[in-house]
Amino acid sequence: MSLNKKSIDDINVKGKRVLVRCDFNVPLKDGKITDENRINGALPTIQKLIKDGGKVILCSHLGKVKNGPNEGESLAPVAAALEAKLGQKVTFVADYNVTGEAATKAVSEMKEGDVVLLQNTRFRGKEETKPQEAGDAFAKELADLADVYVCDAFGSAHRAHASVAGVTKFITAKGGENVVGYLMQKEIDFLGKAVENPVRPFVAILGGSKVSSKISVINNLLDKVDTLIIGGGMSYTFQKAHGGHVGQSLVEEDYLDYAKEMMAKAEAKGVKMLIPVDTVVTKEFKNDTPFHVVEAGCQEDDDMGMDIGPKTCELYKDALKDAKTVVWNGPMGVFEFPNFAKGTIAVAEELAQLTDATTIIGGGDSAAAVNNLGFGDKMTHISTGGGASLEFLEGKELPGVVAANDK
């Protein structure tokens, strides 16, 4: 996958209709946006296109839209937030058809620097569907509205959806450009460099609940890193594979052999693979329950592992001290319970102190943890896409990246 992509800085958009796929999948409560980070992340690209005289048409999905179009998942609140932040009118096309007559009319009336926001792309029901023809029809209708396409939604870049990748072939067919926005460019620059050409020592930290969701990531990173740190629920599968007794902790029995293979691969490649040496255990899965620390692999039958222990925290912090590139995906314990967030906090604090290293947080729970703990501004880059960043680290090609024109 070529990472040298054309961006909005490489093209002239003056007077052109520019379709921008954003990630406005924001959390809503009672019709109000509770976290505007994704909208803020899209602003630099939108402002640049307005300044350069483009006619800016924005589109995005919001929510999973399982039971058809509904007001609760309309992009109307996003339009209002954009209007306030941009300081100019944003014409919202409320039509559930997304690309129908209302959209065509709104776009035809645009002047240079105007902004139109289309309705939730998933309201069409063709965004993700197979057979491909259904998605193709929607993709072509989106392309018909524009001369240029800008992908700035890294959080959706791993999905070959109509508004992410499908639209590009129809833009190409009429001689238009497919480029990336500033948000996408930043993701490609940081994640791409980390995986393709890291400054060493390169340390990866993988946590979260399941080994099965990170199989390919572990395998791919063992070919690239100097140290691989394992924490979170997935660590108990490795502890059991190592011969330990883990009681009632989360274990994926089907992946014990895989865990053994990965430990053997790390040893053969000279990669330092660290798994917990002690564990915080409880008898119940809740915050306000008695807990204590045991040596890793020495749990009682009714013990449940909830976090890495203090010795493991020190071991992991020590492994990070000299790192020059760090990628972190997944918390070290049940961080949403304050009593079991200590491991995640210890790792975040250590990364926050690495002033001469590139620290990359791979979206999802790790991004939430870092931001909630107040360390967000101390990290070099916090990815906007959990699933996309994982697939990037797996070495997979992301449809939204592949579809952009190479420089």
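Preceding this paragraph is the structure being described.
Residues numbered from 1 in each chain as written. Predicted model: local features only at pLDDT ≥ 70, side-chain atom pairs only at ≥ 80, totals over all residues. Heavy atoms only, no water.

Engineer: How would you summarise the state of the cysteines if you had to cite specific residues and measurements?
Structural biologist: Counted according to the given criterion, the structure contains zero disulfides. Cys 298 carries a free sulfur, and the closest cysteine sulfur to it, the one in Cys 313, is 18 Å from it. (Disulfide = S-S within 2.5 Å.)

Engineer: I'd love a proper account of the pairing of strand β12 (residues 278-282), names of residues and values included.
Structural biologist: A regular strand carries its side chains on alternate faces of the sheet. Here β12 lies mainly inside the structure; five of its five residues are buried. Neither face of β12 is left uncovered, since the one carrying Asp 278, Val 280 and Thr 282 and the one carrying Thr 279 and Val 281 both have all their residues buried. Strand direction decides the pairing type here: β12 and strand β14 (residues 304-308), joined by four bridges, are antiparallel. Paired with Val 281 across the strands is Gly 305, a residue of β14. (Buried < 20%, exposed > 50% of the residue type's maximum accessible area, 1.4 Å probe, protein only. Helix = DSSP H or I, 4+ residues; strand = E, 2+ residues; numbered from the N terminus. Pairing = 2+ DSSP bridges.)

Engineer: Break down unusual backbone geometry for me, citing the residues and quoting the values.
Structural biologist: The omega torsion across Arg 200 and Pro 201 is 5 degrees, close enough to zero to call that bond cis. Along the chain, Pro 201 turns up in the loop between α6 (182-196) and β9 (202-206). Positive phi is not limited to glycine here, since Val 65 has a value of about 45 degrees. By the element assignment, Val 65 lies in the loop between β4 (55-59) and α2 (76-86). Here Val 98, not a glycine, exhibits a phi torsion of approximately 70 degrees, which is positive. Structurally, Val 98 is set in the loop between β5 (90-92) and α3 (101-108).

Engineer: Describe in detail the side chain of Ser 235, supporting the description with residues and values.
Structural biologist: As for its position among the elements, Ser 235 is in helix α8 (residues 235-241). Exposure remark for Ser 235: the relative accessible area of 1% places this residue in the buried category. Of the polar contacts made by the side chain of Ser 235, one reaches the backbone oxygen of Gly 232; its length is 2.7 Å. Excluding residues that lie within four positions of it along the chain, Ser 235 makes contacts with Ile 230 and Pro 276. (Polar contact = N/O pair within 3.5 Å; in protein donor to acceptor, adjacent residues only side chain to side chain. Contact = heavy atoms within 4.5 Å.)

Engineer: Any details on the nonpolar core? Residues and values, ideally.
Structural biologist: Counting residues in hydrophobic clusters, the biggest one holds 65 residues, and the most contacted among them are Leu 19, Leu 118, Ile 218, Leu 228 and Phe 238. In terms of residues, this core owes the most to one element, helix α9 (residues 256-269), which gives six residues. For Leu 118, the residues in contact, after removing those within four places along its chain, are Leu 19, Ile 57, Leu 58, Cys 59, Leu 75, Phe 92, Val 93, Val 98, Ala 103, Leu 142 and Leu 145. Val 13, Val 20, Cys 22 and Leu 86 belong to the second-largest nonpolar core, a separate cluster that totals 30 residues. (Core = buried A, V, L, I, M, F, W, Y, C linked by side-chain atoms within 4.5 Å.)

Engineer: If you had to explain the environment of Leu 206 to someone new, which residues and values would you point to?
Structural biologist: With respect to the element layout, Leu 206 can be found in strand β9. For Leu 206, a relative accessible area of 1% puts it in the buried group. Those residues in contact with Leu 206, other than ones at most four positions away along the chain, are Lys 214, Val 217, Ile 218, Leu 221, Leu 228, Ile 229, Ile 230, Gly 231, Met 234, Asn 329, Gly 330 and Met 332.

Engineer: A description of helix α12 (residues 364-372) should follow, citing residues and the corresponding values.
Structural biologist: What α12 keeps buried is the set Ser 366, Ala 367, Ala 369 and Val 370. Buried residues of α12, viewed axially, fall in a sector of 160 degrees; they line one side. Packed against the buried residues of α12 are β15 (325-329), α11 (342-352), β16 (358-361) and β17 (381-382). (Arc of directions from axis to C-beta.)

Engineer: A description of the environment of Val 293 should follow, citing residues and the corresponding values.
Structural biologist: Position of Val 293 relative to the elements: it lies in strand β13 (residues 291-295). On the basis of relative accessibility, which here comes to 42%, the residue Val 293 falls in the partly exposed class. Sequence separation between Val 293 and Ile 8 is 285 residues, and the spatial gap between their C-alpha atoms is 53 Å. Ignoring any residue separated from it by four or fewer positions in sequence, one finds Val 293 in contact with Asp 278, Thr 279, Val 280 and Pro 310.

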